[in-house]
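Examination of the molecular architecture
Below are the chains, spelled out letter by letter.
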Amino acid sequence: SKHVRRYLLQKYKHSCCKCGWSKLHPVSDHSPLEINHIDDNAENTTEANLQLLCPNCHSLTEIFKTLTVTMVGSEEKDTMFRSATVRPYGCNIEAA
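Basis of the calculations
Residue numbers restart at each chain and count upward from 1, following the sequence in its written direction. Residue-level local features of this predicted model are given only where pLDDT is at least 70; pairs of side-chain atoms are given and counted only at 80 or more, and the full residue set underlies all totals for whole chains, interfaces and linings. For side-chain calculations, the full set of non-hydrogen atoms in the structure is used, while hydrogens and water are omitted. Put simply, DSSP marks the helices as runs of H or I at least four residues long and the strands as runs of E at least two long, and each gets a number from the N terminus on. We call two residues in contact when some of their heavy atoms are within 4.5 Å. Only the protein chains shown count as cover for residues, with accessible areas throughout obtained via the Shrake-Rupley method and a probe of 1.4 Å. Disulfides are defined as cysteine sulfur pairs within 2.5 Å. Here, a salt bridge means any Lys or Arg side-chain nitrogen found within 4 Å of an Asp or Glu carboxyl oxygen. For each residue, the accessible area found with a 1.4 Å probe, counting protein chains only, is set against the maximum for its type, and the residue is called buried under 20%, exposed over 50%, and partly exposed in between. Whether two strands pair depends on DSSP finding at least two bridges between them. Buried residues of nine kinds, namely Ala, Val, Leu, Ile, Met, Phe, Trp, Tyr and Cys, make up a nonpolar core once their side-chain atoms join them within 4.5 Å. The term polar contact refers here to a pair of N or O atoms within 3.5 Å; inside protein, the definition further demands a hydrogen-donor-capable atom paired with an acceptor-capable atom, and it admits residues adjacent in sequence only when both atoms are side-chain atoms.

Notes on the overall build of the protein chain
Each helix and strand in the protein chain was counted, giving three helices and two strands. In the protein chain, the order of α-helices and β-strands from amino to carboxyl end is α-β-β-α-α. Looking at the protein chain alone, contacts between residues at least 24 apart form 42% of all its contacts between residues at least 6 apart. Summing over all exposed atoms, the protein chain offers an accessible surface of approximately 7200 Å²; the carbon and sulfur share of this is 54%.

Re unusual backbone geometry
Even without a glycine there, the phi angle at His-14 is positive, about 55°. Structurally, His-14 is set in the loop between helix 1 (2-11) and strand 1 (34-37). Positive phi values are uncommon outside glycine, yet Asp-40 reaches one of about 65°. Relative to the helices and strands, Asp-40 resides in the loop between strand 1 and strand 2 (50-53).

With respect to the state of the cysteines
Taken as a whole, this structure holds zero disulfides when the rule is applied. The structure places no disulfide on Cys-17, whose sulfur is separated from the nearest cysteine sulfur, that of Cys-16, by 6.3 Å. As a non-bridged cysteine, Cys-19 has Cys-16 as the owner of its nearest cysteine sulfur, 3.8 Å distant.

Focus on the pattern of salt bridges
Under the defined criterion, the tally for this structure stands at one salt bridge. Across the salt bridge formed by Glu-47 and Lys-11, the nearest N and O atoms sit 2.2 Å from each other. Within this pair, whereas Glu-47 is found in the loop between strand 1 and strand 2, its partner Lys-11 is found in helix 1, the two being separated by 36 residues in sequence.

Some points on the pairing of strand 2
Here strand 2 shows two buried faces, one formed by Leu-50 and Leu-52 and the other by Gln-51 and Leu-53. The pairing of strand 1 with strand 2 spans four bridges and is classified as antiparallel. Among the inter-strand pairings, Asn-36 is bridged to a residue of strand 2, identified as Gln-51.

Section: the nonpolar core
A general feature of soluble globular proteins is that nonpolar side chains tend to end up buried together. Leu-8, Leu-9, Cys-16, Leu-33, Leu-50, Leu-52, Leu-53, Cys-54 and Cys-57 together form the largest nonpolar core, which totals nine residues. For this core, the element with the most residues is strand 2, which contributes three residues.

Some remarks on the environment of Thr-46
Structurally, Thr-46 can be placed in the loop between strand 1 and strand 2. We classify Thr-46 as partly exposed; its relative accessible area is 44%. Placed 42 residues apart in sequence, Thr-46 and Val-4 show a C-alpha to C-alpha distance of 9.7 Å. Among the polar contacts made by the side chain of Thr-46, one reaches the side chain of Asn-44 at a distance of 2.8 Å.

Below, the structure written as structure tokens:
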């Protein structure tokens, strides 16, 4: 909800809980930080289950949007993460 988002933004001073990123969108002047449900249960809105993350850190969480599709064994998960190309948010430069 908007109230939970506002609370988390104030609590963490508009910064990512993991990396400290705190930029505002240049046009909207809003923070593009996202709320992560640690246990992947959107119904569980207890403070202990919520993190305020930048899009990059959020995309690197184990349970992220489409990554939750049946990854049973850790070997399969490790292979997927090793082969993925991950770029910082807003970066169009290929990694060396």
